[in-house]
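Analysis of the macromolecular model
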4 protein chains.
Amino acid sequence: MLSWNRYGKARVRLVRVDKSQPDHQLIDLTIDVQLEGAFEKVYTDGDNSACVPTDTMKNTVYALAKKHAVARVEPFLVQLCDHFAAKPGVSRVRISAIEQPWARLNAHAFAHAGAEQWTCVATRDARGTEIVSGLTGLVLLKTTDSAFAGYPRDEYTTLPETHDRIMATSMTAVWTYRNTSVDFGAREQIVNALVHTFAEHRSESVQHTLYAMGEAALGAAPEITEITLTLPNRHHLLVDLKPFGLENQNEIFVATDQPFGLIEATLRRQA
Amino acid sequence: MLSWNRYGKARVRLVRVDKSQPDHQLIDLTIDVQLEGAFEKVYTDGDNSACVPTDTMKNTVYALAKKHAVARVEPFLVQLCDHFAAKPGVSRVRISAIEQPWARLNAHAFAHAGAEQWTCVATRDARGTEIVSGLTGLVLLKTTDSAFAGYPRDEYTTLPETHDRIMATSMTAVWTYRNTSVDFGAREQIVNALVHTFAEHRSESVQHTLYAMGEAALGAAPEITEITLTLPNRHHLLVDLKPFGLENQNEIFVATDQPFGLIEATLRRQA
Amino acid sequence: MLSWNRYGKARVRLVRVDKSQPDHQLIDLTIDVQLEGAFEKVYTDGDNSACVPTDTMKNTVYALAKKHAVARVEPFLVQLCDHFAAKPGVSRVRISAIEQPWARLNAHAFAHAGAEQWTCVATRDARGTEIVSGLTGLVLLKTTDSAFAGYPRDEYTTLPETHDRIMATSMTAVWTYRNTSVDFGAREQIVNALVHTFAEHRSESVQHTLYAMGEAALGAAPEITEITLTLPNRHHLLVDLKPFGLENQNEIFVATDQPFGLIEATLRRQA
Amino acid sequence: MLSWNRYGKARVRLVRVDKSQPDHQLIDLTIDVQLEGAFEKVYTDGDNSACVPTDTMKNTVYALAKKHAVARVEPFLVQLCDHFAAKPGVSRVRISAIEQPWARLNAHAFAHAGAEQWTCVATRDARGTEIVSGLTGLVLLKTTDSAFAGYPRDEYTTLPETHDRIMATSMTAVWTYRNTSVDFGAREQIVNALVHTFAEHRSESVQHTLYAMGEAALGAAPEITEITLTLPNRHHLLVDLKPFGLENQNEIFVATDQPFGLIEATLRRQA
């Protein structure tokens, strides 16, 4: 009757400081460990003989962070995958991390670099290890070069066409590396390509801009094979000022939280 | 290069009041509409001729809520699926809802019934329509009848075995209905079975209790074919009072938010 | 130059279980300790000789919870006030708590009783100790008996008058006890009076209903001297269905999060 | 019996775009309007003849944003104060705003500038108008130059002294301007002084650093008369790696959310 199971430890908070050089180095991760495997008897019989405690998973994260002197998230998640994949009964390991970026103030002081966070998921099973990195919460807005027109109308359509609107989003992107032996330094180029394209694109829709952004990211980083973008449409609505004898020439907007459009797509590099 | 795409409107807030009887009826839904289909040109060419605006999706939710006099979430989501599946190019429709339960105070006044919310996802594609209902955020705690022992130890294990601990969780459950023509009134029996089993089970682990809960739910509702339970382990740690000359006999605990164990499994009814 | 200072420990999570009777008792508190006093040298000179560590405050909460067998929040906060007020230099102690209510399932299992939480603040200074209890997050809605009309109009008024609208709020209430020697069992009568009045009142405005609720609470509990109510107006707007050829007779609403009206007032018992 | 009352509209979302120059200008505010005054009959009698609707307040924010071409938050809040103070019965107006800072990407595209937000509160009553500006959510961390020792010990003290710890906080600061006719351009100097001092100070405690930060801010901006700093102590705890045969030399930390120290103080410029 048990058709699927997974267990692990979520939100293991790990900060490592490397003071070996005058400029201290800081890495700030929140890690989830998840295991799948032959754990049926834990569920059906209350037999814990194969059940690595989630508390041990947490300890392992800290011990391996020390042993491997974690400096970059991707190789560390691979090391954690390798460790847990060797445990009896484990068929699949998924290690995910949220990384908080910090900007340097001086040799030993830092500030949060922005509202966005970086993400990484490493998955290891019989087919190998896959690394998917990304970022989330990068909020972008453009005041022009965004249109939405030419769409089909039905009995429930009231939206007026527009050729000049605000476009705003809180971007989430995840990309898949070709394999685990690439250099994992592509984040900066990918993010730059995404942001630059958002800013410069003449947009016919969020979908249209999403595609241009994905193309630019794939062009900027040959070591990735695909990218998935999730772009909520943070609608900014024109306020009707006519009742007050005022004309609103694309100047006064109300920013809305909900409802919101949500556009998602995956672009894969052609073979 | 576009290997997958989906778009829609998220968080359409809908409250319907039926005042046709002395006891007013209230349904409170937050709905997401998501479409997949032949929308490539929207992305690649900025051609919106096949792109139903997400604003129209929102309008459609309100108009159909009026036309169909929505009273229960599952049939209404099926009606929305049918409507959007008939649009050109659409290959898959996913409508999800969060339902806020309200408890009656008198004929026309209500209070939030608890912290938990109900969920429903209806998916329609070429294979048919699937209905998955559930609930999330139901917080449960038991002060005894929970053990965790007999687990494997390795070089990173420090957890002491326990035969009497607090077990607490914030339950999420989703279950799949056999088909769309069943009566969708099973929620109450399922939730009662889950909660009763949590309360009465002599637990060897969260996994062990999860399985018993899932079995009870499948037993209580023949119209569901499987159930997935997600049980975070809200750890309550004994406070060490020895430095203060006090003995803590399972009395004083610190409730922790993170890290937390996370146990998930699906139980499927045997054919 | 230092004109005011306060320091302490926030969010000390304390759960106490009393298993001395067959029906286990559970109290679940999140406590903040805040001290004011003659701590200038800590700030100006880096001299910590008068600075009780916030870590010690946390330990004290747990140790006193054991020693005093905390069973009800108000007397426990008074005990904490008395403890910290005796420390050198302290002129004012403020102890606040959020209490999570739990509903009993059986002798040893519990569920969150609702979305609301209870609050308590005890303050001790040279003038004595004051106890302010309350609750927050109790969400209420009525489908009729709520009007808003007769208000002044100016050049920026567009709101139509209404004689039948939805009224909804997430209530926060705090009330002050006459002194610290009263029985602190009034919460249930006060909440019942507030909720019953919300449900039954024929409302001309949120303000009008707030006042009736406050009066009812003061009437229900002679041991309180004043009550402050904070009532956000969770607007439910009629959806315009005319573009779809449908008439909306107070049936289909959109629930909005922001902006929202916010109505606050204090009612004090006349001497 | 009504001893205090206040009402208004909260979270009015306003975005103004000025496209009059090649570089578009963007201001993004969330505004609360709150009025106190002679509104007793609204509460006691359901008489709305003096009750300006909160919906009108919202409209007024948008209309005045257009009329006054809002470009900086402080003067706009003063204009709103003046408008509402002229309404019958109003004795006190409080207008507060959260400002989202945006960083320019090109002439018409922007990104969230960081996780922090700016704040402003303008209050007008019979004594005049006061402006308090500030910021919140600026997260800072230093890896060294932070100690905590020499504190008093009692029966509940277990904290070891430290001469080298991580210090981290999420800063909230608010400062009061001398009057309403100053230039309100001091934010950048104040924030620079606060951040620079946090980074460079040799800290004996959070209090000690708070004071140095406040002094620096007062020194950097003669137009402010006082500053209040709220510094939660985001504890980073050394992980005990000894059970795993590893030594942790100030390298591996667990970042904790709760409990946390909370240090607050006001520094006022001496006359």
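Treat the numbers as computed from the prediction; the structure is a model and nothing was measured. (Residues numbered from 1 in each chain as written. Chains lettered and ligands numbered in written order. Predicted model: local features only at pLDDT ≥ 70, side-chain atom pairs only at ≥ 80, totals over all residues. Heavy atoms only, no water.)

**Overview of the interface of chain D and chain C**
- Taken together, the 68 residues of chain D in the interface contact 68 residues of chain C.
- Across the chain D/chain C interface, buried area totals approximately 5,900 Å², and carbon plus sulfur atoms make up 56% of it.
- Broken down residue by residue, the surface that chain D buries against chain C is led by D:Met1, D:Tyr43 and D:Tyr156, which jointly contribute 15%.
- Across the pair D:Lys87 and C:Asp154 runs a salt bridge, and its minimum N-O distance is 2.6 Å. (Contact = heavy atoms within 4.5 Å. Buried area = accessible area lost by both parts, 1.4 Å probe. Salt bridge = Lys/Arg side-chain N within 4 Å of Asp/Glu carboxyl O.)

**Thoughts on the relation of the copies chain D and chain C**
- Rotating chain D by 180° and translating it 0.0 Å along the rotation axis places it on chain C, where the RMSD comes to 0.0 Å. The relationship between the two copies is best expressed as a two-fold rotation axis.
- Of all interface residues in chain D, 100% are interface residues in chain C too; the two copies therefore contact each other through one and the same surface. (Least-squares fit on C-alpha atoms with pLDDT ≥ 70 in both.)

**Re helix α2 (residues 54-67) of chain A**
- In this model α2(A) runs 20 Å from its N-terminal to its C-terminal C-alpha over 14 residues, within 8% of the 20 Å that 1.5 Å per residue would give.
- Among the 14 residues of α2(A), twelve are classified as buried, and the element is accordingly described as predominantly covered.
- Of all the positions in α2(A), only A:Thr54, A:Asp55, A:Thr56, A:Met57, A:Asn59, A:Thr60, A:Val61, A:Tyr62, A:Ala63, A:Leu64, A:Ala65 and A:Lys66 are classed as buried.
- At its buried positions, α2(A) is contacted by β1 (2-18), β2 (25-37) and α3 (73-85) of chain A, β12 (260-268) of chain B together with β11 (252-255) of chain D.
- Of the residues trailing α2(A), A:Ala69 is marked for its positive phi of about 50°. (Helix = DSSP H or I, 4+ residues; strand = E, 2+ residues; numbered from the N terminus. Expected span 1.5 Å × (residues − 1). Buried < 20%, exposed > 50% of the residue type's maximum accessible area, 1.4 Å probe, protein only.)

**A word on the pattern of salt bridges**
- Enumeration according to the criterion identifies 64 salt bridges over all chains in this entry.
- In this structure, A:Glu36 and A:Arg92 form a salt bridge, with 3.2 Å as the shortest nitrogen-oxygen distance. Within this pair, whereas A:Glu36 is found in strand β2, its partner A:Arg92 is found in strand β3 (residues 90-99), the two being separated by 56 residues in sequence.
- Ionic pairing is found between D:Asp183 and D:Arg72, a salt bridge with its closest N-O pair at 3.9 Å. In this pair, D:Asp183 sits in the loop between β8 (167-177) and α4 (187-200) while D:Arg72 sits in the loop between α2 (54-67) and α3 (73-85), placing the two residues 111 residues apart along the sequence.
- With relative accessibility at 52%, the residue D:Asp183 sits in the exposed group.
- Through salt bridges with shared partners, a single network forms among A:Glu36, A:Arg92, A:Asp125 and A:Arg127.

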